[in-house]
Amino acid sequence: MSCVTLIGMPGSGKSTVGVLLAKALGFDFLDTDLLLQRREGMYLQDILECRGIEAFLDAEEAAVRSLTCQNTVIAPGGSVVCRRGAMEHLRALGPVLYLRVPLPELERRVNNITTRGIAMAPGQTLGDVYAQRAPLYEQYAGAVVEVAPRAALENTVAAVCVRLNELDLTDIP
């Protein structure tokens, strides 16, 4: 397996679980939000405020499509599913797993929604974003990992490992 990508809503634990998963697999770890910030020379929230959502999504897609890595756990931003090209590239790199967290748990975890750099229109709630993106996460994921409210990180990492072992990886680079 070349790379493993974790997708999901902001607050789903992609980065935190990703670091632990990378250690468990002996892989590197890459947070594409950090890559995007380096490429654009500004924080996520600043990109959104200065350039708007569409330009943000375009820049995110370009950053993701620039990836050439192996043996890496990738944690993209939650909005990566809004651009087909970005998701096709991630799927070509290896298995994509959706960390599905119930909305009430996400609302408990995400308390900085207006400053976190979440690609959402003015007036949208986290619930609105969840309703919009959940079908996309389902569409692009090779497997879904259910994340229970207040689940221990170790349990989530173990569940991801189980799902990886269940996947047929013969068609994945």
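This one's a predicted model, so the numbers in the text were calculated from it and none came from an experiment. (Residues numbered from 1 in each chain as written. Predicted model: local features only at pLDDT ≥ 70, side-chain atom pairs only at ≥ 80, totals over all residues. Heavy atoms only, no water.)

Re the sheet that holds strand β3 (residues 72–75)
What counts here: A pair of strands is labelled paired if DSSP reports no fewer than 2 bridges between them. Helix and strand labels come from DSSP, where a helix needs a run of H or I of at least four residues and a strand needs a run of E of at least two; each type is numbered from the N terminus. Axes, fitted as lines to C-alpha atoms, cover a helix only where it is in contact. Angles between the N-to-C directions of the axes lie from 0 to 180 degrees. Note on contacts: a residue pair is in contact if any heavy atoms of the two residues lie within 4.5 Å.
If you walk across this open sheet you meet the five strands as β2-β3-β1-β4-β5, and the pairing is parallel. Looking at which strands have only one partner, the edges of the open sheet turn out to be β2 (28–31) and β5 (143–146). Each strand axis lies, on average, 25° off the axis of its neighbour in the sheet, ignoring direction. Judged from the three bridges that link them, strand β1 (residues 3–7) and β3 form a sheet pairing that is parallel. Across the sheet, V4 pairs through a bridge with V73, a residue of β3. Lying over the sheet, helix α2 (residues 32–40) contacts β2 and β3, oriented at roughly 60° with respect to β2. Along the sheet face, helix α8 (residues 153–166) touches β1, β4 (96–100) and β5 and points at about 155° away from the line of β5.

Notes on the pattern of salt bridges
Let me state the cut-off plainly: By definition, a salt bridge exists where a carboxyl oxygen of Asp or Glu is found within 4 Å of a side-chain nitrogen of Lys or Arg. The rule is simple: take the accessible area with a 1.4 Å probe, protein chains only, and divide by the maximum for that residue type; under 20% is buried, over 50% is exposed, in between is partly exposed.
All told, the structure shown has nine salt bridges when counted by the stated rule. Measuring nitrogen to oxygen at the nearest pair gives 2.7 Å for the salt bridge that ties E105 to R108. With a gap of three residues between them, E105 and R108 both fall in helix α6 (residues 103–109), about one helical turn apart. For E105, a relative accessible area of 4% puts it in the buried group. Given the relative accessible area of 40%, R108 is considered partly exposed. With a closest N to O distance of 3.0 Å, R109 and E105 form a salt bridge. On the criterion of helical spacing, the pair formed by R109 and E105 is a turn pair, its members being four residues apart in helix α6. On the basis of relative accessible area, R109 is assigned to the partly exposed category, the value being 27%.

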